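Each chain, written out:
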Amino acid sequence: RSSSFPLWLRSLQQPPLAVIVIPIDYPCIDEAMSKLRSFSPAFLGRTTSIWFGQASTSINVLTNTRSAVPLTPNVSGNGRWRRCVSMVAGRKGFDGGLAYPNHLHSNRWNTGVRHGGSGDTTASSASNAHQQQRVAGMATWAKVRPKRIRIITMDVTGTIVSFRGSLHEHYLGEASKVGINVNVDSKTINEAFKRAYDETSKMYPCFGGDFLSAKQWWRECVLKSFKLCGIEMTQSQENQLFQRIYSVFGSNAAYEAFDDAMPFLRWAQRNGIICGVLSNADERYGDAILPMLGFTHDDLQFQVFSKDIKTEKPDAPIFLAAMEQGAGFFPPGAEACLPSEVLHIGNDFRKDFEGARRMGIHSLLLDRYGEAELADEWKRRGAPVLTDLMDVVEFLGRSNCTLG
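So, how was this worked out
Residues numbered from 1 in each chain as written. Predicted model: local features only at pLDDT ≥ 70, side-chain atom pairs only at ≥ 80, totals over all residues. Heavy atoms only, no water. Helix = DSSP H or I, 4+ residues; strand = E, 2+ residues; numbered from the N terminus. Contact = heavy atoms within 4.5 Å. Areas by Shrake-Rupley, 256 points an atom, 1.4 Å probe, with all protein chains shown as cover. pLDDT = per-residue confidence, 0-100. Buried < 20%, exposed > 50% of the residue type's maximum accessible area, 1.4 Å probe, protein only. Lys, Arg positive; Asp, Glu negative; His and termini not counted. Salt bridge = Lys/Arg side-chain N within 4 Å of Asp/Glu carboxyl O. Polar contact = N/O pair within 3.5 Å; in protein donor to acceptor, adjacent residues only side chain to side chain. Phe/Tyr/Trp six-rings, centres within 6.5 Å; stacked < 30°, edge-to-face > 60°. Axes fitted to C-alpha atoms, helices over the stretch in contact; angles between N-to-C directions. Parallel < 35°, antiparallel > 145°, perpendicular 65-115°, else oblique. Nonpolar A, V, L, I, M, F, W, Y, C, P; charged D, E, K, R; others polar.

A look at the overall build of the protein chain
Looking only at helices and strands, the protein chain has 15 helices and 16 strands in total. At a minimum sequence separation of 6, the contacts of the protein chain that also span at least 24 residues come to 66%. Here the protein chain has roughly 18800 Å² of accessible surface; of this, 50% comes from carbon and sulfur atoms.

Here you go:
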């Protein structure tokens with residue numbers, strides 16, 4: 001039922017004989033397990049995965065193409081994906097055991113943990129949850145060199161665009177211009193903004209989705225930042241302050257392009273690679289900020305923002321949307337694009353690297369600001385970490401992969 005299902009099957013070197021899907025709200029999981037055990041070991045030995053899905057919604061496919069172990073979709077109906085246990089058929093037949101991820105976002109699987117009984121398989125005991133948390137910091141990803149790259153997707157800020165100035169300079173500076181007493185330090189406003197951003201994101205995901213406009217979302221976030229600092233304003237001051245800050249963050253007063261961004265895009269274009277943006281952001285980046293900085297649709301052929309897609313990295317649908325949009329620029333008759341022919345470049349381990357790798361997409365992280373300790377941790381966990389986009393050119397050259 002999912003359009004991504006054939007793509008997933010094509011990405012496997014040895015497609016399974018069957019993929020069994022069990023609704024997570026099946027009346028009796030024990031009954032389902034009993035039926036599965038009635039299949040012959042020979043059949044189950046060729047069955048890649050036993051899925052738990054949601055019967056009331058269409059089942060999308062998110063899979064780690066290296067190990068062919070899929071994850072189940074979120075059952076809450078909000079379009080996000082839930083990382084949870086998958087039931088994996090052993091080569092000698094299914095034995096009813098559960099395979100828990102060695103890391104909540106990892107492509108390595110540990111089948112040593114068993115959980116029996118009926119009910120939702122994700123509702124494991126406290127000890128199982130503790131074990132998953134304990135191993136969370138131990139996960140690593142295997143290093144995989146690309147053989148061919150046809151599409152490159154990029155995050156925006158921290159990857160091709162940098163902030164100018166600092167948040168506290170912009171926020172407190174604009175507040176003082178409208179006569180607001182801002183007797184707070186930079187640490188206080190920065191922490192307040194982070195909390196306001198997290199709370200607003202939780203209340204209105206994807207910058208408001210269809211519920212709020214991006215401007216309304218940012219008004220909620222900006223004004224909450226000041227309220228968390230204990231700053232009181234009149235309605236008139238709130239209106240003036242928000243409009244000033246919103247305008248600043250739509251101008252080149254707050255953004256600048258990295259010097260290597262445009263040369264990199266020109267290099268990719270010469271080599272027949274389709275480039276685009278894949279970002280947890282609202283549409284204003286594509287409508288105003290990127291064009292203002294000189295990025296046109298000739299440079300970035302497609303632009304995928306979480307506000308438009310109604311889902312965010314590291315969730316699978318936004319990566320799939322970017323891959324599909326990029327493939328739309330292939331010449332007529334071109335063969336379908338595989339996830340392994342896509343490279344994503346970003347600066348966040350969970351959202352950019354792990355989100356891409358779980359889809360079978362290659363990924364690199366950039367350490368633009370010399371954060372050595374963070375970069376070392378990324379490397380320890382298996383992510384290729386480079387300094388700038390020119391290093392990406394060198395990395396692909398050393399990989400001896402086909403371009404375009």
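That was the structure; now back to the text.
Describing the confidence of the model for the protein chain
Residues of the protein chain with pLDDT of at least 70 account for 66%, and the chain-wide mean is 76. Counting interchain partners and residues more than four positions distant, the pLDDT-below-50 stretch residues 42-138 has 218 contacts.

Thoughts on the side chain of D367
In this structure, D367 sits in the loop between β14 (362-366) and α14 (372-380). At 6.9 Å, K379 is the nearest oppositely charged side chain to D367, a buried residue that forms no salt bridge. There is a polar contact of 3.3 Å between the side chain of D367 and the backbone nitrogen of G370. Those residues in contact with D367 that sit more than four places away from it in its chain are A372, A375, V385, L386 and T387.

Some points on the packing of aromatic side chains
Both the distance between ring centres and the angle between the ring planes are used here to describe each pair of aromatic rings. Using the criterion set out here, one finds 20 aromatic pairs in the structure. When the ring of Y197 is compared with that of F207, the centres are 6.4 Å apart and the planes differ by 70°; the resulting orientation is edge-to-face. Residue Y197 is found in helix α6 (residues 186-203), and its partner F207 is found in the loop between α6 and α7 (214-228); the two are separated by 10 residues along the sequence. Measuring from ring centre to ring centre gives 5.7 Å for Y204 and F211, while their planes differ by 15°; the resulting arrangement is stacked. Exposure remark for Y204: the relative accessible area of 18% places this residue in the buried category. Taken together through their ring pairs, the aromatic side chains of F163, Y171, F193, Y197, F207, W217, W218, F226, F249, Y255, Y285 and F305 make up a single cluster.

So, the packing of helix α9 (residues 261-270) against helix α15 (residues 389-399)
At their nearest, the axes of α9 and α15 sit 8 Å apart, and the two run at 30° to each other. Taken together, α9 and α15 sit at an angle that is classed as roughly parallel. Each of A261, P263, F264 and W267 in α9 lies in contact with α15, whose residues at this interface are L389, M390, V392, V393 and L396. Considered class by class, the residues forming the contact of α9 with α15 number 9 nonpolar, no polar and no charged.

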